[in-house]
Amino acid sequence: MSSRASIASPSSASVPLVSSSSPADEGLLRGALRRLDGWMTTPLSAQQVVVRLSLYLVLAANWPLWLQITRIGGAPSLYLRSAAALAVLTACGTVAILAFTAWTRGMKLLWWLVVMVAALSQYYMLTYSVVMDPSMAANVLQTDAREVADLLSLRMLAAVLAVAALPSWWLLRVRIPAMRPLRQVGRNLALLVLALGLAAGTVAAMSRDLAPLMRNHPHLRYLMNPLASLYSTSVSALRPVFARSRTLVPMTQGAALGASYAAGARPTLFVLVVGETARADHFGINGYGRDTTPELTKRNVMSWREVRSCGTSTLASLPCMFSPLGKSAFESRDNDYENLLDVAQAAGMGVLWLDNQSGCKGVCDRVPHASAAEGLDADARKQLCDGGECRDEAMLHNLDARLAALPAAQRERGVLLVLHQMGSHGPAYYKRSADAGKRFMPECRTEVLADCAHGELVNAYDNSIAATDAFLGKTIDWLRGQSAKYDTALLYLSDHGESLGEYGLFLHGMPYGVAPDMQKHVPMVAWMDTSFLRRDGLAADCLRASGDAPLTHDNLYHTVLGLLDVQSPSYQRPLDAFSGCRIAMLASK
């Protein structure tokens, strides 16, 4: 009796009065999961797996392509036909590529990697409005750990899982029966021919729609996922392997120091600052509505406001801007060429490259070079570095000792010092400025730029420009401190610009032909002490008056050789941006 009363007692806490789910509901859920798992474990041939995986990726990992087609405009009947045709082409292309992997053993990991590439590519294309062309893939392959850390976020994890979770589980569970090798080869060939034939038929049937679409919007081909990602990554990774051995063409023959280095003349100390991701239209000295460059204004620098870059990424621009060839010849070259640093060193100057970025992209390979973090003591590292990343000011720490380590014979003739900034590298713009120097608030403090209000994004970017301004101001002050021993000067030029949401684009790296001007319009600033101007025969008023002259990275090589008075057969006076302001030339006209 008491036992039955105890069981029926309402005070028993172990038995809820109301169940959140009935046994029947739980049974239905377990049954549904068993049926789903049974479907996933259904035996399929490798060819069937490839086809299903390709169709899934077309539907789940091509939203950047579909959204771009709707943005292009036109009647729905037109862009829906175009979208359908591109869907068929993407599916056929993916099947054709994966047909080479349609084997019964050892391919699941490779297929899973394709899924992950597609998922990650879609996330970055949606988040930053980039396209996966070979140059972007090359940038990704050369990204260092600091830059990768800036891109990681919970949103990225969620976006990748949304695409990759289901096919990952399916690939883990699906059973692929063994098949004789010759039969597999035959089925793979049949699958390849079928995919290519269907693609060819689609192109023939839809050419009236596809031809003008792809001609007017060529970037669409790099949104076809995972085709574009696989193609671009393969091209970037395999190009060095299959490229023929390049000859290093010498440019140093005949290099010599000019008349300004006569006996008794003081050596030159010239600092070339390579900026990162800086836009000319966000520099206060260029007329921007905000005073982002108060330190440069105080130091009465000269600015050139109409300069265009060689590329839209560091990988494209950096080797090009130091090359004697110019953009067109550099991009079509068959061999490698010695660059500005090689010529200055061969003439007898001391050359040093200091890097606060992900490397010099081969530019500094034949001259002394070091990372900004090298040689920092514990106190300096604590003050200037955070989370493995150092602020640009770290390049100024112990700079006298770095110069003293150069060969004395070279140092006594003159020094070319290159400082390669972290600058305004995105998307984590807020990390590029110290808390004490943030002047524009509130700022965007996430790497997912589309999540920020446009004003907050601009604030974070402008704070990074202000940090560059402060760094340049300190560098000029350091140069002034060297004026007792050297004739000193500084030239600052950014490698490329940046998109901050204009036209729905973020970051940089768009193909040059379709990239907006804000990814190519870069600032160039110079400061020269009186003794350097006199030594070089330059008229300061003339230089200031040339601030609106149209220039490009093509001018850098020849302009710096002219400023350093380094004689070389490769020097072209028409490309020296300052040659028209040399007093001797003006007097002779």
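Our subject is the structure listed above.
In this report, we go over the structure that sits alongside the text. (Residues numbered from 1 in each chain as written. Predicted model: local features only at pLDDT ≥ 70, side-chain atom pairs only at ≥ 80, totals over all residues. Heavy atoms only, no water.)

## Re the side chain of Thr277
Positionally, Thr277 belongs in the loop between β3 (268–275) and α12 (294–298). Within the structure, the side chain of Thr277 is placed 2.5 Å from the side chain of Glu276, a separation counted as a polar contact. (Helix = DSSP H or I, 4+ residues; strand = E, 2+ residues; numbered from the N terminus. Polar contact = N/O pair within 3.5 Å; in protein donor to acceptor, adjacent residues only side chain to side chain.)

## Some remarks on the side chain of Asp536
Along the chain, the position of Asp536 falls in helix α20 (residues 530–536). Apart from residues lying up to four places away in sequence, Asp536 is in contact with Gly562, Leu563, Asp565 and Arg582. (Contact = heavy atoms within 4.5 Å.)

## Observations concerning the pattern of salt bridges
Charged atoms that come close allow side chains of opposite charge to pair. Per the counting criterion, the structure on display carries 21 salt bridges. Notably, a salt bridge pairs Glu331 with Lys327, separated by 2.6 Å at the nearest N-O pair. Taken together, the residues Glu331 and Lys327, both in helix α14 (residues 327–331) and four residues apart, mark about one turn of the helix. The class for Glu331 is exposed, based on a relative accessible area of 53%. Here Lys327 falls in the buried class, since its relative accessible area comes to 18%. In this structure, Asp576 engages Arg582 in a salt bridge whose closest nitrogen and oxygen atoms are separated by 3.0 Å. Classification of Asp576 as buried rests on a relative accessible area of 3%. A single network of salt bridges, built from pairs that share partners, joins Glu295, Lys298, Arg299, Asp477 and Arg480. (Salt bridge = Lys/Arg side-chain N within 4 Å of Asp/Glu carboxyl O. Buried < 20%, exposed > 50% of the residue type's maximum accessible area, 1.4 Å probe, protein only.)

## Some thoughts on the state of the cysteines
The full count for this structure, using the stated rule, is five disulfides. Paired by a disulfide, Cys385 and Cys390 hold their sulfur atoms 2.0 Å apart. Where Cys385 bonds to Cys390 through sulfur, the torsion about that S-S bond is close to 90 degrees, and the disulfide is right-handed. In this structure, Cys385 and Cys390 share a single accessibility class: buried. What pairs with Cys444 in a disulfide is Cys452, and their sulfur atoms sit 2.0 Å apart. On the sign convention where negative is left-handed, the bridge of Cys444 and Cys452, at about 65 degrees about the S-S bond, is right-handed. (Disulfide = S-S within 2.5 Å.)

## A look at the nonpolar core
By size, the foremost hydrophobic cluster in this structure holds 112 residues, and its most contacted members are Leu86, Trp111, Leu417 and Leu419. Ignoring any residue separated from it by four or fewer positions in sequence, one finds Leu419 in contact with Val271, Leu272, Val273, Val274, Leu354, Met395, Leu396, Phe471 and Thr475. Ala344, Ala347, Trp353 and Leu491 belong to the second-largest nonpolar core, a separate cluster that totals 47 residues. (Core = buried A, V, L, I, M, F, W, Y, C linked by side-chain atoms within 4.5 Å.)

## Here's the deal with the environment of Pro177
Positionally, Pro177 belongs in the loop between α9 (154–173) and α10 (181–216). Its relative accessible area of 42% is what places Pro177 among the partly exposed residues. For Pro177 and Gly437, which are 260 residues apart along the polypeptide, the C-alpha to C-alpha distance reads 64 Å. Leaving out residues up to four positions away in the same chain, Pro177 has contacts with Pro43, Leu44 and Thr104.

## Description of helix α13 (residues 314–321)
By the criterion of burial, α13 is predominantly enclosed, with six of the eight residues buried. For α13, the set of buried residues is Thr314, Ser317, Leu318, Pro319, Cys320 and Met321. Along its buried surface, α13 packs onto β3, α14, β6 (350–355), β10 (414–420), β11 (487–494) and α22 (556–564).

## Description of the packing of aromatic side chains
All chains considered together, the criterion is met by seven aromatic pairs. Pairing Tyr123 with Tyr124 gives two aromatic rings, centres 5.0 Å apart and planes at 70 degrees, and the pair type is edge-to-face. In this structure Tyr123 comes out as buried when scored by relative accessible area, which is 3%. Ring centres of Tyr124 and Tyr128 lie 6.1 Å apart, and the angle between their planes is 15 degrees; this geometry places the pair in the stacked category. A residue pair is termed a helical-turn pair when its members lie 3 or 4 positions apart in one helix, as Tyr124 and Tyr128 do in helix α6 (residues 108–128) at four residues. Comparing Tyr124 with Tyr128, the two get one shared label, buried. (Phe/Tyr/Trp six-rings, centres within 6.5 Å; stacked < 30°, edge-to-face > 60°.)

## Some details on the pairing of strand β4 (residues 302–308)
Taken residue by residue, a regular strand's side chains alternate between the two faces of the sheet. Strand direction decides the pairing type here: β4 and strand β14 (residues 521–528), joined by five bridges, are antiparallel. Bridge pairing in β14 links Arg308 to His521. Of the pairings in the sheet, the one linking β4 to strand β15 (residues 551–552) comprises two bridges and is parallel in character. Its bridge partner lying in β15, Val307 is registered against Leu551. (Pairing = 2+ DSSP bridges.)

## So, the pairing of β10
Extensive coverage of β10 is indicated by the burial of seven of its seven residues. With seven bridges connecting them, β3 and β10 associate as parallel partners. Bridging from a neighbouring strand, Val273 pairs with Leu419 of β10. The pairing of β6 with β10 spans six bridges and is classified as parallel. Paired with Leu354 across the bridge in β10 is Leu419.

## Some words on the sheet that holds β10
Two pairing modes exist for strands in a sheet, parallel and antiparallel, and in both the strands are linked by backbone hydrogen bonds. With respect to topology, eight strands assemble into an open sheet ordered β7-β6-β10-β3-β11-β14-β4-β15, the strand pairing being mixed. Among the strands making up the open sheet, the edge pair consists of β7 (369–371) and β15. Along the sheet, α22 contacts β3, β10, β11, β14 and β15; its crossing angle with β3, the most-contacted strand, is approximately 160 degrees. (Axes fitted to C-alpha atoms, helices over the stretch in contact; angles between N-to-C directions.)

## Brief notes about the environment of Leu325
Tracing the sequence through the fold places Leu325 in the loop between α13 and α14. Considered as a pair, Leu325 and Tyr461 are 136 residues apart in the sequence and their alpha carbons are 33 Å apart. Setting aside residues no more than four positions away along its own chain, Leu325 makes contact with Phe330, Arg333 and Tyr337.

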